[in-house]
Amino acid sequence: NTGWEFTLTTHNISTRKFSWDTDLNLTTIKNKVLDIGNIENIISGNNIIMKGETLRSFYGYEVIGTWQLNDDYTTTLDDMAPGDYKFRDVNGDKMITAEDRVILGNSFPKLTFGITNSFSYKNLHISFVFDGVSGVKKYNDNVAETFNPINFRRNKIAEPFLNRWTPDNPTNKYTSFVRPKILGDKAATSSYTIMDASYIKMSSFQVAFDFITRGRIVKSATVYVSGQNLFVLSDFIGDPSVDTSSNN
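So, here is what we can say about the structure in this document. Note that this is a predicted model, so its numbers are computed, not measured.

This part takes up the sheet that holds strand β10 (residues 124-134). What links the strands of a sheet is backbone hydrogen bonding, and the strands pair in either a parallel or an antiparallel sense. Read across the sheet, 6 strands follow the order β1-β2-β9-β10-β13-β14 without closing on themselves; strand pairing throughout is antiparallel. Of all the strands in the sheet, the pair left with one neighbour each is β1 (5-14) and β14 (220-233). Pairs of neighbouring strands in the sheet enclose a mean axial angle of 10 degrees, with direction left out of account. Summarising the sheet, β10 and strand β13 (residues 199-212) pair through 10 bridges and their orientation is antiparallel.

On to the pairing of β13. Both faces of the sheet carry side chains from a regular strand, because those side chains alternate between them. For β13 and β14, the ladder comprises 12 bridges, and the chain directions are antiparallel. Residue pairing across strands places Asp-210 opposite Thr-222, the latter belonging to β14.

Let us now look at the environment of Asn-123. Mapped onto the fold, Asn-123 is located in the loop between β9 (111-121) and β10. Look at Asn-123 and you get partly exposed, because its relative accessible area is 31%. In the structure, Asn-123 is positioned 105 residues away from Phe-18 in sequence and 9.7 Å away in space, judged by C-alpha atoms. Ignoring any residue separated from it by four or fewer positions in sequence, one finds Asn-123 in contact with Ala-208, Phe-209 and Asp-210.

So, on to unusual backbone geometry. For Arg-56, which is not a glycine, the phi torsion comes out positive at approximately 55 degrees. Relative to the helices and strands, Arg-56 is located in the loop between β4 (47-50) and β5 (57-60). Its identity as a non-glycine residue notwithstanding, Phe-177 has a phi of 65 degrees, on the positive side. One can find Phe-177 in the loop between α2 (158-162) and α3 (185-188).

Applying the stated rule across the entire model yields 5 salt bridges. Here Arg-88 makes a salt bridge to Glu-62, at a shortest N to O gap of 3.1 Å. Residue Arg-88 is found in the loop between β7 (85-87) and β8 (102-105), and its partner Glu-62 is found in the loop between β5 and β6 (63-66); the two are separated by 26 residues along the sequence. Owing to a relative accessible area of 40%, Arg-88 belongs among the partly exposed residues under this scheme.

Further remarks concern the side chain of Thr-171. Locating Thr-171 in the fold gives a position in the loop between α2 and α3. Under the relative-accessibility criterion, Thr-171 is labelled buried at 17%. A distance of 2.9 Å separates the side chain of Thr-171 from the backbone nitrogen of Lys-173, its partner in a polar contact. Not counting the four nearest positions on each side in its chain, Thr-171 is found in contact with Thr-66, Gln-68, Asn-163, Arg-164 and Trp-165.

Take Asn-142: it is sitting in helix α1 (residues 141-147). Here Asn-142 falls in the partly exposed class, since its relative accessible area comes to 42%. When the C-alpha atoms of Asn-142 and Thr-75 are compared, they prove to be 32 Å apart, with 67 residues separating the residues in sequence.

A few words on the nonpolar core. With 20 residues, the main nonpolar core has Tyr-85, Phe-87, Val-143, Phe-147, Tyr-174 and Leu-183 as its most contacted residues. Within the residue set of this core, elements represented by two or more residues are β7 and α1. For Tyr-85, the residues in contact, after removing those within four places along its chain, are Val-63, Gly-65, Thr-66, Trp-67, Met-80, Phe-147, Lys-173, Tyr-174, Thr-175, Leu-183 and Tyr-192.

So, how was this worked out
- Residues numbered from 1 in each chain as written.
- Predicted model: local features only at pLDDT ≥ 70, side-chain atom pairs only at ≥ 80, totals over all residues.
- Heavy atoms only, no water.
- Pairing = 2+ DSSP bridges.
- Helix = DSSP H or I, 4+ residues; strand = E, 2+ residues; numbered from the N terminus.
- Axes fitted to C-alpha atoms, helices over the stretch in contact; angles between N-to-C directions.
- Buried < 20%, exposed > 50% of the residue type's maximum accessible area, 1.4 Å probe, protein only.
- Contact = heavy atoms within 4.5 Å.
- Salt bridge = Lys/Arg side-chain N within 4 Å of Asp/Glu carboxyl O.
- Polar contact = N/O pair within 3.5 Å; in protein donor to acceptor, adjacent residues only side chain to side chain.
- Core = buried A, V, L, I, M, F, W, Y, C linked by side-chain atoms within 4.5 Å.

The structure is reproduced here in structure tokens:
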């Protein structure tokens, strides 16, 4: 592991009535497997450990589209139908097997950051925190359950179903969902379920006001309103900072 850590605190404005302070932290990391002995790799679920790659890189099938009505089905020996996912045939044997899996991304964020701004004007105080990560992939269990359901009565993510493949909607983004089990673990561990998990989140916001009283018992009081996890900007379906593999 190699990387840098930066921490910076600045006092941007400081007067008798108004102040503005900022705290910033940045962390970078580059992870690389140097040696695993005399074996070629270690595969565990949707992860692989291989010399020269990131530790526990994501490993699965690359989706290159959806089978369409007019496609040449002689190019595959598998039981494929219009609306099924089309996977990359890495070894060219016209079948999609475990030998066609490829590295789909790393589980270590290249950059992790956080920034806090604090403002004070007389008795009014405002602070907010942004944090995020960049350059990282994550396995999305909720999406995997949608494409390869363990139980058909479980909740599913609506968007893929509402925009699923049909003869009138020949999309290359989603399947038809007519026969999801035919794809098996290929759909569960693919370039569609291992997603870019980079995000920017407003993790907290607070407004506070200090009251000064002349009472003998209470001489001062603070009233505040705060919120947490207010919004997140990401291409990930759901909140990428939440572990989708945790207890239901």
